[in-house]
Structures are given as C-alpha cells and as structure tokens.
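# Geometric and topological summary
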Amino acid sequence: MSRVPLIDPSTTDGQRRASLDRIGAAFGTVPAMFRAVANSPAALQSMWGAFGAFSTGALGAALSEQIAVAVADRNNCRYCLAAHTALGLKAGVSEQQMRAAQGTEVDDPRVRALLEFAVALVDRRGAVDADDIQRLRDHGWSDGEIVEAIAQVALNLFTNYINIALDVPVDFPAVPLLADAN
C-alpha cells in the first residue's frame with residue numbers, strides 16, 4: 001500500500017492533470033509511480049521532463065533501460081526493475097539481455113564498462129575517480145555520453161527512492177532482484 005495517495009488523473013485538475021494526461025498518452029495508462037509523484041506537481045514535472053530529455057539522448061532507449069535495471073537491482077527497487085525491464089523489452093532488448101544488465105554481466109565489453117560505472121556511482125555515492133572516467137574513454141565513450149550516463153543514474157536514484165520510500169505498488173510484470181535468485 002502506497003504511503004501517499006495515488007492521484008487519480010480523472011479527478012485532479014490544472015497542471016497536475018495536464019502532466020498526468022501526457023504520461024497516460026505515452027504509456028496508455030498512468031503508472032502508479034507517476035500517480036504517487038503527482039502529489040508534488042513540481043516533482044512530477046521534473047521527473048517527466050528528465051525522461052523526455054533522455055528520450056532524445058545519445059545513449060538511446062535500449063542502453064538507458066539497461067542502466068536503469070542495473071541501478072534498480074543495486075538499490076533493491078522492485079518497481080523500477082519491473083518498469084524498466086518492460087520498457088527495455090519494448091525497446092528491443094531481449095529478456096536475457098535485460099537480466100544480464102541487472103548484474104552488469106552483458107557480453108559487450110563497452111556496454112559492460114558503462115554499466116559497471118553506473119553501479120560504481122551508486123556504490124560510491126558519486127565518488128568515482130579519474131581512472132574510472134578514463135576506463136570509459138578507453139572503451140570509446142565520449143565525454144558527453146559519460147555525463148549523460150551520470151545524469152541517468154541520478155534520475156534512476158530519484159525514481160528508486162520515490163518507489164522505495166513511498167512503497168509504490170508495482171504495476172508492471174514483476175522481475176526478481178538478483179538477490180532473490182541466490
């Protein structure tokens with residue numbers, strides 16, 4: 001049970017309703033996370049705006065969803081793991097590839113380096129060093145892509161914390177955390 005009300009798009013008004021209508025148009029429904037975040041129109045605008053900005057980013061949808069599941073798994077966020085797995089599948093990533101991304105164990109060394117970096121950002125609370133950045137450059141990642149990856153990790157921390165702290169009910173097909181498999 002969510003610790004805040006899940007705002008009903010049909011009974012709210014103003015900017016909140018306009019935002020939820022845009023989200024509903026994109027998803028075909030308004031996911032519970034956005035309904036929880038809608039308790040703060042400013043937070044909703046921030047979150048949805050960030051998702052929109054990254055939709056045209058350099059990393060692309062498939063890699064963005066792989067970053068999201070790696071971060072979600074590391075933070076034990078069942079909601080984000082389920083949501084981003086579904087979105088990754090929609091972006092053309094296989095179920096096996098999404099599962100591998102949870103543990104940063106993808107076959108592509110370049111992608112693996114970026115996912116390991118994303119998890120290191122979470123584990124070290126951003127305190128990576130010059131060698132971590134250089135390792136990404138050595139794998140062919142540009143400075144712009146590195147900055148975008150850091151920003152995506154930050155957005156995923158925002159969504160993970162919302163869903164964990166507010167106990168938002170998962171309304172996507174459940175995906176087990178890696179810890180559940182052990």
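Overview of the structure. (Residues numbered from 1 in each chain as written. Predicted model: local features only at pLDDT ≥ 70, side-chain atom pairs only at ≥ 80, totals over all residues. Heavy atoms only, no water.)

When its secondary structure is counted, the protein chain shows 10 helices and 0 strands. From first element to last, N terminus to C terminus, the protein chain shows the α and β order α-α-α-α-α-α-α-α-α-α. By the compact-globule yardstick of 16 Å for 182 residues, the protein chain fits well, its C-alpha radius of gyration being 16 Å. Projecting the C-alpha coordinates of the protein chain onto the three principal axes gives extents of approximately 50 × 35 × 30 Å. The buried share of the protein chain, reckoned over its 182 residues, is 43%. Long-range contacts, defined as pairs at least 24 residues apart, comprise 70% of the intrachain contacts of the protein chain with a sequence gap of at least 6. Summed over all atoms, the accessible surface of the protein chain reaches about 9000 Å², with 53% contributed by carbon and sulfur. Side-chain charges in the protein chain split into 15 positive and 21 negative, and the spacing between the mean points of these groups amounts to 5 Å. (Helix = DSSP H or I, 4+ residues; strand = E, 2+ residues; numbered from the N terminus. Rg over C-alpha atoms; globule rule 2.2 N^0.38 Å. Buried < 20%, exposed > 50% of the residue type's maximum accessible area, 1.4 Å probe, protein only. Contact = heavy atoms within 4.5 Å. Areas by Shrake-Rupley, 256 points an atom, 1.4 Å probe, with all protein chains shown as cover. Lys, Arg positive; Asp, Glu negative; His and termini not counted. Charge placed at Lys NZ, Arg CZ, Asp CG, Glu CD.)

Turning next to the pattern of salt bridges. Enumeration over the complete set of coordinates arrives at 7 salt bridges. Taking the shortest distance from any N to any O, the salt bridge between D143 and R137 comes out at 2.8 Å. Classification of R137 as partly exposed rests on a relative accessible area of 39%. (Salt bridge = Lys/Arg side-chain N within 4 Å of Asp/Glu carboxyl O.)

In this section: the packing of helix α5 (residues 78–90) against helix α6 (residues 95–102). The geometry of α5 relative to α6 is characterised by a closest axis approach of 9 Å and an angle of 140° between their N-to-C directions. Considering the angle they form, α5 stands oblique to α6. Relative to α6, the crossing made by α5 is right-handed. Contacts between α5 and α6 pair L81, H84, T85, G88 and L89 from the former with E95, M98 and Q102 from the latter. Its residues assigned to classes, the contact of α5 with α6 comprises 3 nonpolar, 4 polar and 1 charged. (Axes fitted to C-alpha atoms, helices over the stretch in contact; angles between N-to-C directions. Parallel < 35°, antiparallel > 145°, perpendicular 65-115°, else oblique. Left-handed = near helix turned anticlockwise from the far one by under 90°. Nonpolar A, V, L, I, M, F, W, Y, C, P; charged D, E, K, R; others polar.)

This paragraph deals with the side chain of Q102. Looking at the secondary structure, you find Q102 in helix α6. Among the polar contacts made by the side chain of Q102, one reaches the side chain of R99 at a distance of 3.1 Å. Polar side-chain contacts of Q102 include one of 3.3 Å to the backbone oxygen of P176. Setting aside anything within four residues of it in sequence, one finds Q102 in contact with V69, A70, D73, L81, V175, P176, L177 and L178. (Polar contact = N/O pair within 3.5 Å; in protein donor to acceptor, adjacent residues only side chain to side chain.)

This next bit is on the nonpolar core. With 50 residues, the main nonpolar core has L20, F34, I67, Y79 and L114 as its most contacted residues. Looking at this core, the element that brings in the most residues is helix α7 (residues 109–123), giving 9 residues. What Y79 contacts, discounting residues up to four positions off in sequence, is P31, A32, M33, N163, V168, P169, V170, D171 and F172. (Core = buried A, V, L, I, M, F, W, Y, C linked by side-chain atoms within 4.5 Å.)

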